[in-house]
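The residues making up each chain are set out below.
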Amino acid sequence: MDLLALADFTLVARHGGFGKAARAAGRPKATLSRRVAELEAGLGLRLFERGARDLKLTEEGRALFERAGALLTDLEETAAAIAAGGERPRGRLRISAPLLFSQTAMGRLAAEFALRFPDVRLEVTTEDRPVDMVEEGYDLVIRVDPRPDETLIGRPFLHDRLVVVASPDLPKPGDAAVPAVVRGGDRVTSWALAASSGRARITVDPVLRLSSLVMIRDAVCAGVGAARLPVSLVSRDLAAGRLVHWGDVAGSDIALWALYPSRRLLSARVSAFLDLLKQAFPTASPEELAAFLNP
């Protein structure tokens, strides 16, 4: 594919017409028209609907414009960085991150990134649902134990584990079911603990269902019941005696991954944010995350 023709196509699509694109770029209108026609012929697709007064992208043209724009931006940034003798991140960086990590850590990370790289416009969206990175325009996503996806590559940058905790005033489990605070939609009836905890399983009676782990922690500190929570989230409460540790949840090791599309050139913006994560959590341990959350 002719990259120059592709660049001319995106120029016309961005400005909504050959005349506007020609005036903006200082290029002959006829040249742009010819280049786009050659691109359409090479692809065997009609990219624009040409009316008497307006120009509209076809469905195929719109799909090509959405993908080609990001690719050409990455190529331009790489060429500019090489010409300048080094990569200097600039442009927009869109990240999707899960709710708990966003509430507890992303504020400080985003601020640090903005201070280091003032030419980058960082945008963080908080959501736990799977996202389509290409279709929704994300450069990087952070997810907990993501499912394998052949279209994405990435690396784990943090590890955590689940523990069962409760207020010191709540009696430790006996034969009866323990009042518990759980996440909404969680139909759990028991918690399996690691063998070293001395008790293999705790039967639970959910008395409160909350959608946020932060809300669950606050409710447990208030004494309403026990809960299964990440150790990084409750380490300060355990140290202060507001909560007591009943045991580690068996097989509960979890990892936070930073993912990005494998078919796209890794931009300087994404590389810079990955480096920041590595610097913030060099050992990737739960204790390191707890120390970051509780400076």
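Worth saying up front: this structure is predicted, and the values here are computed from it rather than measured.

**Q** Please set out the overall build of the protein chain residue by residue, giving values where relevant.
**A** Along its length, the protein chain carries 10 helices and 13 strands. Here the protein chain, with 295 residues, has 40% of them falling under the buried criterion. Long-range pairs, those at least 24 residues apart, make up 74% of the contacts in the protein chain with a sequence separation of at least 6.

**Q** Any chance you could break down a nonpolar patch on the surface for me, citing the residues and the numbers?
**A** Together, Val 207, Leu 208 and Val 224 give the surface a local cluster of nonpolar side chains, amounting to about 200 Å² of exposed area. One can find Leu 208 in strand S10 (residues 201-210). Assessed through its relative accessible area of 31%, Leu 208 is described here as partly exposed.

**Q** How would you sum up the layout of surface pockets? Please name residues and give values.
**A** Looking at the largest pocket, its volume works out to about 1,000 Å³. Around the largest pocket sit 44 residues that line it, and Pro 98, Asp 128, Arg 143, Val 144 and Asp 145 are the ones nearest its centre. Per-element accounting of the lining of the largest pocket gives the leading share, 5 residues, to helix H5 (residues 99-116). For the lining of the largest pocket, the per-class residue count stands at 27 nonpolar, 5 polar and 12 charged.

**Q** Could you give an account of the packing of aromatic side chains, naming the residues involved and the relevant values?
**A** Tallied over the entire structure, the rule returns 7 aromatic pairs. Look at Phe 9 and Phe 48: their rings are 5.5 Å apart centre to centre, the planes differ by 55°, and that puts the pair in the tilted class. Linking Phe 9 in helix H1 (residues 3-15) with Phe 48 in strand S1 (residues 48-50), this pair joins segments that are 39 residues apart in sequence. Each member of the pair, Phe 9 as well as Phe 48, is classed as buried. Taken together, the aromatic side chains of Phe 101, Phe 157, Phe 281 and Phe 292 make up a single cluster linked through ring pairs. Over the aromatic face of Tyr 138 sits the side chain of Arg 94, whose NZ or CZ is 4.4 Å from the ring centroid. The positively charged end of Arg 108 is found above the aromatic ring belonging to Phe 292, 4.0 Å away from the centroid.

Thresholds applied
Residues numbered from 1 in each chain as written. Predicted model: local features only at pLDDT ≥ 70, side-chain atom pairs only at ≥ 80, totals over all residues. Heavy atoms only, no water. Helix = DSSP H or I, 4+ residues; strand = E, 2+ residues; numbered from the N terminus. Buried < 20%, exposed > 50% of the residue type's maximum accessible area, 1.4 Å probe, protein only. Contact = heavy atoms within 4.5 Å. Patch = residues over 30% accessible without salt bridge, like charges linked within 9 Å, V, L, I, M, F, W, Y side chains within 5 Å. Areas by Shrake-Rupley, 256 points an atom, 1.4 Å probe, with all protein chains shown as cover. Salt bridge = Lys/Arg side-chain N within 4 Å of Asp/Glu carboxyl O. 1 Å grid on protein atoms, 1.4 Å probe; cavity = no way out; pocket = protein on both sides within 12 Å on 5 of 7 lines; lining within 4 Å. Points joined across faces, edges and corners; volume = space filled by probe spheres on them. Nonpolar A, V, L, I, M, F, W, Y, C, P; charged D, E, K, R; others polar. Phe/Tyr/Trp six-rings, centres within 6.5 Å; stacked < 30°, edge-to-face > 60°. Lys NZ or Arg CZ within 6 Å of the ring centre and 35° of its normal.

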